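Structural features, examined
Take a look at the letters that make up each chain.
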Amino acid sequence: MTIRAKSGGLPSTRADPQRDDAIKNVIRGPLFAMTPLANMQKAEAKLVWEFWVKTLRPYPSEWIEDAFDYFARNGGGKFLNPQTITEIINKRKGGYHG
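From a predicted model like this one, the values you see are computed outputs, not experimental measurements.

Right, let's get into the overall build of the chain. The number of helices and strands found in the chain is five helices and zero strands. For the chain, the N- to C-terminal ordering of α and β elements is α-α-α-α-α. Taking all 98 residues of the chain together, the buried fraction comes to 38%. Residue pairs at least 24 apart in sequence account for 69% of intrachain contacts in the chain once pairs closer than 6 positions are excluded. Here the chain displays about 6300 Å² of accessible surface, and carbon together with sulfur accounts for 51% of that area.

Have a look at this one:
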């Protein structure tokens, strides 16, 4: 079942503190392990967090976690970015194709 079918419409990209926290909890470890986020200045890191969370908001946190796990096993040395994660979600789960 796609997100569109589950929600009855387009997935929400509006900020929701609980949902945003759930996404941050899922992506925190992988981002610190696979990106230079930990070495960024606070202001830069905040912008990066906001970009990742906004990009991933339409997807359930379980799908996001699955995509990061898949990337870790099959990334083949590719650079981790939100587009790669959303592509994995869309291919594996039939997610939003907006």
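Tracing the backbone through its elements, the reader meets Thr86 in helix 5 (residues 82-93). Exposure remark for Thr86: the relative accessible area of 13% places this residue in the buried category. A distance of 3.0 Å separates the side chain of Thr86 from the backbone oxygen of Gln83, its partner in a polar contact. Thr86 has contacts with Thr55, Leu56 and Tyr59, leaving out every residue within four places of it along the chain.

Residues at a pLDDT of 70 or more form 84% of the chain, whose mean pLDDT is 84. In the predicted structure, residues 1-8 sits below a pLDDT of 50 and forms 16 contacts with residues beyond four places in sequence or in another chain.

Moving on to the layout of surface pockets. Considering only enclosed or pocket space, the largest pocket measures out at about 160 Å³ in volume. What lines the largest pocket is Tyr70, Phe71, Asn74, Gly75, Lys78, Thr84, Glu87, Ile88, Lys91 and Arg92. Counting only elements with at least two residues in the lining of the largest pocket, the list comes to helix 4 (61-74) and helix 5. Ranked by residue count, the leading element in the lining of the largest pocket is helix 5, at five residues. Residues belonging to the lining of the largest pocket are distributed by class as follows: three nonpolar, three polar and four charged.

Of all hydrophobic cores here, the largest spans 20 residues; its most connected members are Ile27, Leu31, Trp52, Leu56, Ile64, Phe68 and Ile85. Going through the elements one at a time, helix 2 (17-34), helix 3 (42-56), helix 4 and helix 5 are the ones with two or more residues in this core. Discounting residues that sit within four places of it in the chain, Ile27 has contacts with Trp49, Trp52, Val53, Leu56, Ile64 and Phe68.

Right, let's talk about helix 2 for a bit. In an α-helix, one turn spans 3.6 residues; hence positions three or four apart end up facing the same way. Between its terminal C-alpha atoms helix 2 stretches 25 Å, which fits the 26 Å expected from 18 residues at 1.5 Å a residue. For helix 2, the complete set of buried residues consists of Asp20, Ile23, Val26, Ile27, Pro30 and Leu31. As for helix 2, its buried residues are in contact with helix 3 and helix 4.

Cut-offs applied
Residues numbered from 1 in each chain as written. Predicted model: local features only at pLDDT ≥ 70, side-chain atom pairs only at ≥ 80, totals over all residues. Heavy atoms only, no water. Helix = DSSP H or I, 4+ residues; strand = E, 2+ residues; numbered from the N terminus. Buried < 20%, exposed > 50% of the residue type's maximum accessible area, 1.4 Å probe, protein only. Contact = heavy atoms within 4.5 Å. Areas by Shrake-Rupley, 256 points an atom, 1.4 Å probe, with all protein chains shown as cover. Polar contact = N/O pair within 3.5 Å; in protein donor to acceptor, adjacent residues only side chain to side chain. pLDDT = per-residue confidence, 0-100. 1 Å grid on protein atoms, 1.4 Å probe; cavity = no way out; pocket = protein on both sides within 12 Å on 5 of 7 lines; lining within 4 Å. Points joined across faces, edges and corners; volume = space filled by probe spheres on them. Nonpolar A, V, L, I, M, F, W, Y, C, P; charged D, E, K, R; others polar. Core = buried A, V, L, I, M, F, W, Y, C linked by side-chain atoms within 4.5 Å. Expected span 1.5 Å × (residues − 1).

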